[in-house]
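Chain residues, written in single-letter form:
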Amino acid sequence: MSEFEAQVDDLSHDGRGVTRVDGKVYFVEGALPGELIRFQRTKRHRRHETGKLVEILEPSDDRVEPPCQYFGVCGGCAMQHLDSAAQVAYKQGVLLDSLRRIGKVDPTRVLEPLTGASIGYRRKARLGIRFVPKKGGVLVGFRERHKSYITSLDECLALDPNISCLLPALHQLVGALSCYDRVPQIEVARGDSQVALVFRHLEALTDQDHERLQTFACDHDVDIYLQSGGPDTVMPLRTGEARLLQYRLDEFDINIRFDPTDFVQVNADVNDAMVKRAVELLQPNVTDNILELFCGIGNFSLPFARRAGSVVAVEANEIQVERARGNAQLNNIDNTEFVVADLYSDQIESLKRFDHCNKLFLDPPRSGAIETVKELVPKLKPERIVYVSCNPATLARDSELLVNKENYRLDEVGIIDMFPHTTHVESIAVFNLK
Ligand SMILES: C[S@@+](CC[C@H](N)C(=O)[O-])C[C@H]1O[C@@H](n2cnc3c(N)ncnc32)[C@H](O)[C@@H]1O
């Protein structure tokens, strides 16, 4: 196999070192910009090639010892070999580069990145489970990098320690169930004071299984739910014992209740800072009527409602909308209307009736909000748009339309390091009508 020595000049958007040999571009996993490396060619693609790192001849000053024993195998965190500050700089670079390259826009100002603790930050995750006799039985953990195998974990530094500490006992628990090879996943979620586990099972559980699960719930002080089919089959282990989880947004005196399968922002501390920043940037005041799209269970809606004249908050998932309404009641908020609508369909038309709204807030999934920008923005012409994005490419695409077609100025952008040690780039952008 061909082997090369080369200088790494860049980091790709998926965290691989980029180097060039004889005019060809190679992506080499584990290599960092500035390093002199030796690598083997592994695969040819039409426009680039991939390489396997053999030796680092001159390491980068930003290279650090990965804190996790599973680094390199587990697919959970790909950037632990890069210093935290350099990770943040890299993410900011990905954001600005996407805006420039895809969106052909440059912001007037770049905001200070929002960061938090780089370990123990995940309050929500899906643990994969496989029964592999050759590897000692039941494996609980995350997918291996680029593979469908499970990395069996006894701890996970990304997970909240109150969840991570359960891993060894979970291996044993699943291994002791009658359908130990028919439990593909456990969804874990932590509120401010309790942990919930949702066991997906493909076969009926026996009475003894129920007892084992109940004993585990008591011993570890966790709430257990069972899921025998789709999302609507989730139910508490003991009928009638459903307790919603809860987190608090102190700054706004808001409590948010959620079910373990609801969407919640995974990083509690960074979410606090992000909500605070969204409020600072949107600047809701009593004369403002806010339209918020992709509102989930009210994470931003309720803090906005504390300051705004009114909020209309829209979301496709009916269960989450019901939860958001419940959260408004819980916090004695009555200036917010929650609406169920699919924002990727022609249901968006029906939102044109909210033309009294003068500010718009968006927090879409990875596919972005092009329908909103095309259909709703020209009609509502909000004076300010604050856009939280989990995908720089779609933010850049939507920014191009807002700036180059809809007469907005991209005044501020900044990254939010919601998922430290991963290549995932979360960001926030502010557009003002010219
Ligand atoms: C990134 S989450 C943001 C949720 C919320 N803003 C929060 O901070 O918790 C995106 C939300 O968009 C919702 N969503 C996904 N597809 C949708 C669609 N087609 N129409 C409306 N909402 C959608 C999801 O259910 C989810 O709640």
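Residues numbered from 1 in each chain as written. Predicted model: local features only at pLDDT ≥ 70, side-chain atom pairs only at ≥ 80, totals over all residues. Heavy atoms only, no water.

**Some points on the layout of surface pockets**
Considered as a void within the structure, the largest pocket measures approximately 1,300 Å³ in volume. Along the wall of the largest pocket there are 50 residues; nearest its centre are Thr-261, Asp-262, Phe-263, Val-264 and Gln-320. Listed by contribution, the elements that provide at least two residues to the lining of the largest pocket are β7 (124-132), β10 (185-190), β12 (222-227), β13 (234-236) and α7 (318-330). Residue contributions to the lining of the largest pocket reach at least three from each of two domains, namely domain 2 (88-117 + 246-433) and domain 3 (124-190 + 195-242). There is about 580 Å³ of room inside the second largest pocket. Lining the second largest pocket are 20 residues, with Glu-29, Thr-42, Gly-51, Lys-52 and His-146 sitting closest to its centre. Of all the secondary structure elements, the ones that give two or more residues to the lining of the second largest pocket are β3 (24-29), β4 (36-44) and β5 (49-58). (1 Å grid on protein atoms, 1.4 Å probe; cavity = no way out; pocket = protein on both sides within 12 Å on 5 of 7 lines; lining within 4 Å. Points joined across faces, edges and corners; volume = space filled by probe spheres on them. Helix = DSSP H or I, 4+ residues; strand = E, 2+ residues; numbered from the N terminus. Domains from an automatic or database assignment.)

**Regarding the site of the ligand**
For the ligand, the set of nearby residues contains 17 residues, the closest of which are Gln-265, Glu-315, Asp-342, Leu-343 and Asp-363. The fraction of the free accessible surface of the ligand (590 Å²) that becomes covered by protein chains is 87%. Here the ligand occupies the largest pocket. Residue classes in the shell around the ligand are distributed as 10 nonpolar, four polar and three charged. (Near = heavy atom within 4 Å. Areas by Shrake-Rupley, 256 points an atom, 1.4 Å probe, with all protein chains shown as cover. Sits in = over half its atoms within 2 Å of the grid points. Nonpolar A, V, L, I, M, F, W, Y, C, P; charged D, E, K, R; others polar.)

**Some points on the pattern of salt bridges**
Pairs can form between side chains of opposite charge once their charged atoms are near each other. Under the criterion given, the structure shown has 29 salt bridges. Taking the shortest distance from any N to any O, the salt bridge between Asp-417 and Lys-91 comes out at 2.7 Å. Of this pair, Asp-417 sits in the loop between β21 (408-416) and β22 (426-433) while Lys-91 sits in helix α1 (residues 84-101); the two residues are 326 residues apart in sequence, bridging distant segments of the chain. Comparing Asp-417 with Lys-91 shows no difference in burial state: the two are buried. Each of Lys-24, Arg-41, Arg-44 and Glu-49 takes part in one network of salt bridges that share partners. (Salt bridge = Lys/Arg side-chain N within 4 Å of Asp/Glu carboxyl O. Buried < 20%, exposed > 50% of the residue type's maximum accessible area, 1.4 Å probe, protein only.)

**Focus: helix α4 (residues 207-220)**
Taking 1.5 Å per residue as the helical rise, α4 with its 14 residues ought to reach 20 Å, and the 20 Å between its terminal C-alpha atoms agrees with that figure. Buried-residue contacts for α4 involve α3 (167-176), β11 (195-200) and β12. One or two positions beyond α4, positive phi appears at Asp-221, with a value near 55°. (Expected span 1.5 Å × (residues − 1). Contact = heavy atoms within 4.5 Å.)

**Describing the nonpolar core**
Counting 82 residues, the largest nonpolar core has Leu-170, Leu-197, Phe-199, Leu-213, Ile-224 and Phe-304 as the members making the most contacts within it. Residue contributions to this core peak at seven residues, all from helix α5 (residues 268-282). The residue makeup of this core includes at least three contributed by each of domain 2 (88-117 + 246-433) and domain 3 (124-190 + 195-242). Residues Leu-293, Val-312, Ala-341 and Val-403 belong to the second largest nonpolar core, which totals 46 residues. (Core = buried A, V, L, I, M, F, W, Y, C linked by side-chain atoms within 4.5 Å.)

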